[in-house]
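# Structural overview
Below, each chain spelled out in residue letters.
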Amino acid sequence: MRQQLVIVGAGPRGTGILERIAANAPELYAGGPGLDIHLVDPHPPGGGRIWRQAQSPLLWMNSHAEDVTMFTDETVTMAGPVREGPTLHEWAGLDGRTFADRRLQGRYLRWVYERILADLPPHVTVHHHPRRALRLAGPRDGRQQVWLEGRSRPLPADAVILALGHLDAEPDAEQTRLAEYARRHGLVHLPPDFTADSDLSALPPGAPVLVRGFGLAFVDLMVLLTEGRGGRYEGDAYHPSGREPVLYVGSRRGVPYHSKIGYDWTGERPPLPRFLGPAEVDELLARPGGYDFRRDVWPLIEKELGFAHYHRLFTAHPGRTAMAWADFEEKYAAAGGPAETGALVAAAVPDPADRLDLAALDHPLDGVRYASHEDFQAGLRDRIEADLTRRHDPAHSTDLAVFLGLLSVYGQLVRLGDVTSWWHGFFSFLASGPPGPRLRQMLALSRAGLLRFVGAGMTVTAERGVFRATSPTVPGFAVEARALVEARLPEPTVGRARDSLLRALHADGAAETSDGLLRVDPGDGRILDAAGRPHPRRFALGPSTETRTAGAFTRPRTGGPAFRQNDATARAVLSFLTTSLVKEPVR
């Protein structure tokens, strides 16, 4: 007699969807016969794999505790009711500026999950299955079956929501070649992975280790191979234990992600969105021939981020401008292209350091050359110091305005269903970098000789029985090592996912983007088939889809695109279940 909903993934995304089901059920499912919700995840509900409590206490969150919430507020544009709740710092009683460890976040997420269970209507029950989902089957117009590891019979489902987080992936051609070379020559090769799950014991003390990737996965690796091996910091100095390897790190940009901003917003906020908002998204979606991201969307993004930057410069730092804001805003809006905009900015903003240059931000070492490896070590330390100073100085509050612009743009790209891997990386580099103290630790490790910078455009080759890294940043320099770590998460492509359920969807012809992500309806998350038709009973949200957001939780009062998605999907599922009661006989 009861209906069945299967949610695959019980981490923050699955938990957030469950919260929206609890919030919307009194309106949309009040007369239902009863609903069994099956949460399928081998990891504990709430935290899931990434935020599980069983991990090193040395690993921090990447956000201030006051900037982490799992609860909606009045800024979220959604049809469902707002149900407010505490942020992480309110729940834990922390200073809001603390970077909490991930285990504490796991406890917060578990508490959120248990609160949601208590908020569910009496006729809605949740069952957790600590197993992996292997396969999804069933006709478009009938009940689905979700096959679980270790069970001979599938879970029947009137609807299925895939809330899968970061997943393992099969290696691409380059990783396969490097792994095979490592096997033949007795080397160590660690492919892209969630760092907390990597076996780092194979990296010997004192030995050079090549690391490709300078983002957040690298920060975790750095922590586990230094403090995690008994080293300690005293002020700005690092005291090694003697068990650390020597890390040679490089990446496409050759620099670490920008530091988290270390001050609060004051004064007038830029009125966002201004140039890339709902109207522009609707127009792009309505174009008969479609649109091109670089040609049609990127100019709007540039305009939006520039507007946020200059609004803050003119309103908070008017002494650094040479024009009234009203005049600048009118001319900026009317400017027909980059050349006209550039001429306006040059006339209105005297100091080039106060102008926004997105290309220079994205490629900070382009064309930069150092005479020696040691010169580059000193040069990059200076750059990191300068970044830390800037990101903690309100005189550069245009950076925080651009951060708000990035959040606004991300929300519109989610609506557009066009969150490309490039954009996600660009956003993360500027807006989702490490806490300032982590960069201080990088500087200390660099001075101690345990962290060595390779440069931009790092190339790794396998030759003469070792791995060899070079970069055009330091012409003629090369470093050889018997270990290579790919410090990044696997690409969330459907075709290479090790998750057999996603692989089965790929084999069955589910629609995918050019980046290999699962295509879904940007409105409610229904999975699209090759003909572009939304599946009536299958939904998906998260990193493997084209509408992936910056995170499953968010800052309070910033509109939370993930929360908007969760609400839309929860309402669509509940409405479908209610409607199906009329169309189908009661079982």
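Our structure's up above, just so we're on the same page.
Overview of the structure. Worth saying up front: this structure is predicted, and the values here are computed from it rather than measured.

Conventions we followed
Residues numbered from 1 in each chain as written. Predicted model: local features only at pLDDT ≥ 70, side-chain atom pairs only at ≥ 80, totals over all residues. Heavy atoms only, no water. Core = buried A, V, L, I, M, F, W, Y, C linked by side-chain atoms within 4.5 Å. Buried < 20%, exposed > 50% of the residue type's maximum accessible area, 1.4 Å probe, protein only. Helix = DSSP H or I, 4+ residues; strand = E, 2+ residues; numbered from the N terminus. Contact = heavy atoms within 4.5 Å. Pairing = 2+ DSSP bridges. Axes fitted to C-alpha atoms, helices over the stretch in contact; angles between N-to-C directions. Expected span 1.5 Å × (residues − 1).

### Comments concerning the nonpolar core
Counting residues in hydrophobic clusters, the biggest one holds 87 residues, and the most contacted among them are Phe218, Ile301 and Trp423. When residues of this core are assigned to their parent elements, the largest contribution, eleven residues, is made by helix α12 (residues 398–416). When sequence neighbours within four positions are dropped, the list of residues in contact with tryptophan 423 reads Phe293, Trp298, Ile301, Leu406, Val409, Tyr410 and Leu413. Membership of the second largest hydrophobic core comes to 44 residues, among which are Ile50, Met61, Ala100 and Leu541.

### Quick word on the sheet that holds strand β13 (residues 451–456)
Read from one edge of the open sheet, five strands run β8-β17-β9-β12-β13, paired in parallel fashion. In this open sheet, the two strands that pair with only one neighbour each are β8 (188–190) and β13. Sheet twist, expressed as the mean angle between neighbouring strand axes with direction ignored, is 15°. In this sheet, strand β12 (residues 246–251) lies alongside strand β9 (residues 208–212) in parallel orientation, the contact comprising five bridges. For leucine 210, the partnering residue across the bridge sits in β12 and is tyrosine 248. With respect to the sheet, helix α11 (residues 373–391) is in contact with β12 and β13, its orientation differing from that of β13 by roughly 90°.

### Let's talk about α11
The end-to-end C-alpha separation of α11 is 27 Å, in line with the 27 Å expected for 19 residues at 1.5 Å each. Those residues of α11 not exposed but buried are His373, Phe376, Gln377, Gly379, Leu380, Ile384, Asp387, Leu388 and Arg391. Contacts made by the buried residues of α11 are with β12, α12, α13 (421–431), α14 (436–447) and β13.

Nothing here speaks to function; it is geometry throughout.
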